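Here are the chains, one letter per residue:
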Amino acid sequence: MARAPAPVPSREAILEFVQSSTKPVGRREIAKAFDVRGPERADLRRILKDMADDGLLDFGRRRKVAPPGALPEVTVVEVTGTDENGEALARPAAWKDDGPAPQILILEDRRGGALGVGDRALVRLERRGETRYVARIIRRLPRGAAKVLGIFERTEDGNGRVRPTDKKAKSEIAVDNRDAGDAAPGDLVSIEILPRSRNRMGLPAGRVIERFAGIADPRSFSRIAIQEHEIPDVFPEETLKLAERAKPVSLGKREDLRAIPLITIDGEDARDFDDAVFATPDEDPENPGGFRLLVAIADVAHYVRPGDALDREALKRGNSVYFPDQVVPMLPEALSNGLCSLRPAEERACMAVEIVIDADGQKRRHRFTRGLMRSAARLTYRQVQTAVDGGSDAGVPVGVLEPLYAAYRALRKERERRGALDLEIPEKRVILDDAGNIAEIGIRDRLDAHMLIEEFMVLANVCAAETLEAKRQPCMYRVHESPNPEKVNALADVLEGLGISLAKGQVIRPKTFNGILAKVRGQPSERMVNEMVLRSQAQAHYAPDNAGHFGLGLARYAHFTSPIRRYSDLLVHRALIRGLRLGDGSLGPDDDAKFSEWGEHISATERRAAAAERQTVDRYLARHLADRVGGLFTGRVNGVTRFGLFITLDETGADGLVPIRSLPDDYYDHDEARHSLTGRFHGRVYRLGDRVEVRLIEADPISGALALEIVSGGSDPVPGQQGRVRRRGAAPRRSPGPRGGRRR
């Protein structure tokens, strides 16, 4: 008699099995472990997909599953140092995250000599903890790719020393005179790590291979980010020539939109204008109070064709990168600031969508067209806001803003109806003078003019996704999945301490978070709660498989409105051109199969750009504060880790670290769920969101790091714990596992 298959295991049982495995496992291994056979395999596949959607599992290469953030079974690592036993320690060679990399211990390899700092190897990993692995070497790799960016200095013996710009670097690099080239003290240099036999005084040895501007030049900060993140910033000659040969379009079969007073609204320093808007009341008697909108977008697909030199370089870059002192564009300037930019009074090719909405902002219908337009004005957000508030309206076309704002108010009704997430997160703004020094630091304005453009763009993006679905065309969705339940539960624990209830296990919607944000609006905890809600969210990404956009409360969403600076939008344009038969410049015959690969690539370039931009701003802020070391500042705890506190300063928005060793004398326990450090003997508590006064100990413009120490502030002591005194001479007892802090 055949044995009946076992029931499908629970999510908890599957998660325990995957977490206990030393390597990623596939569906076959899971099915075998739980004796799942026959029709029940389909149920198992569904459960695994749901767990991946909820952020509990990662589907990696070859459809293997592992806990979120787990490293692949086979990967390339780079040696960073040794442990107390002399065993090599490494990190993933491709690690780009801001957080600490997982710790990898390389097991002894008897086939070759010891690995040195900078050596690379292909290894097979086994998990030994949440962030700990052991590695067995499959083969050693050439060292040629090991490069370091740093500041060149001279030592007393006349040789060179390079201080890496990466704050996670373990040591300086020694440079012999014969390997220094023409580098001078203070120069920013790129160096190649040399074989271990060339090391001096135990330091890795290096050779200068490229020299940049001196670190005294503030513009070197963006150069550091470009080099560290390997951002392509020089266009190949073939690409530049192709862009320079481009010509303006004629009307031809395009729809003539030149008589419509479309306007662009951007920041004061914007140079590429890729979207223009127009609104007018709908004259249809069946749509009282409704509006007819027109959103026109630069027709980049006309100039950048699949597979040509411009396309290859645009895909490689993935997006433009914006620094305080420069922009690294996705397209050459001849296009990005020239023929593709919707400059005023100049005829430009465009992709446009006409949208009809009702008085409550709900879309009734839309249509796409390929047109020829002429922008009526290039306006700025502040200029528009000033005019709407009753100030000067110089340069603003008569009668254009009133219907735009009326339509915007209708769209806001629709946004509130669907409950889009409404976070208030201040964004740092750094303005430089002509010499590259900081002229002003502040928070970016959040005007109605900004939100008007956002709502028009969101609606146009929805129309693009809906049209591509209806036409059965591939779509590069902008996906924002529901929050990880574990992160929501952690948020609930923190909110409980503030007297705010968030039931664990409930179905979470954006409206759920909006209700919480409304309760703290105007309260001291407002900023902290906004940041906590943001951290609980999944990271948005690009993918050809639709999973909706949680934050916007939308079932389908794709980026369509910025093809000058985002490759994702260019793909959407090409798909629309093919689906609607709008002429040349559509997707290539083999492009459909590449969308998944492209989605992963452009999601990675987006993360790369965000990290580079953030780190560059940090370096400018550190330079700005370097002459105020020793000064006192007020701020708020914005991060709590087992190694210290991250503080955001009120005055500049700069972030700095208070190392745990510098906290008032005690032994601190780290509660990851409640985001707190608690002194075991004196009861001092530091929680996320606490107000503190700190002293600036160090400001390092090279790494962008600020070192701080607490002067006062924090939460009230834990009841019953304050006043506990250690017996004189007794060593503090270590708490078990990673929760333990360090005593000063």
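Going by the structure above, here's the rest.
Right, let's walk through the structure included here. The shown structure was predicted, so the numbers you read here are calculated from the model rather than taken from an experiment.

Helices and strands together make up the secondary structure of the chain, namely 15 helices and 34 strands. In the chain, which comprises 744 residues, the proportion classed as buried is 50%. Accessible surface, the chain: about 35,900 Å² in total, of which carbon and sulfur atoms supply 47%.

A full pass over the atoms with the stated rule returns 42 salt bridges. The closest approach of N and O atoms between R478 and E606, which form a salt bridge, is 2.9 Å. Linking R478 in strand β24 (residues 477–479) with E606 in helix α15 (residues 595–625), this pair joins segments that are 128 residues apart in sequence. Classification of E606 by relative accessible area gives partly exposed; the value is 24%. In this structure, D592 and R578 form a salt bridge, with 2.8 Å as the shortest nitrogen-oxygen distance. Taken together, the residues span a long stretch of sequence, with D592 in the loop between α14 (567–580) and α15 and R578 in helix α14 at a distance of 14 residues. Taken together, the shared-partner salt bridges in this structure form one network comprising E255, R292, E354 and R367.

Attention shifts here to the side chain of D493. With respect to the secondary-structure elements, D493 resides in helix α11 (residues 485–497). Every residue in contact with D493, bar those within four places of it in the chain, is listed here: K504, A673 and R674.

Moving on, we come to unusual backbone geometry. For E230, which is not a glycine, the phi torsion comes out positive at approximately 55°. Checked against the element boundaries, E230 lands in the loop between α4 (220–228) and α5 (237–244). Note on E230: relative accessible area 60%, which makes it exposed. One non-glycine residue with positive phi stands out, namely R472, at about 55°. On the secondary structure map, R472 appears in the loop between α10 (448–470) and β24.

Cut-off values and rules
Residues numbered from 1 in each chain as written. Predicted model: local features only at pLDDT ≥ 70, side-chain atom pairs only at ≥ 80, totals over all residues. Heavy atoms only, no water. Helix = DSSP H or I, 4+ residues; strand = E, 2+ residues; numbered from the N terminus. Buried < 20%, exposed > 50% of the residue type's maximum accessible area, 1.4 Å probe, protein only. Areas by Shrake-Rupley, 256 points an atom, 1.4 Å probe, with all protein chains shown as cover. Salt bridge = Lys/Arg side-chain N within 4 Å of Asp/Glu carboxyl O. Contact = heavy atoms within 4.5 Å.

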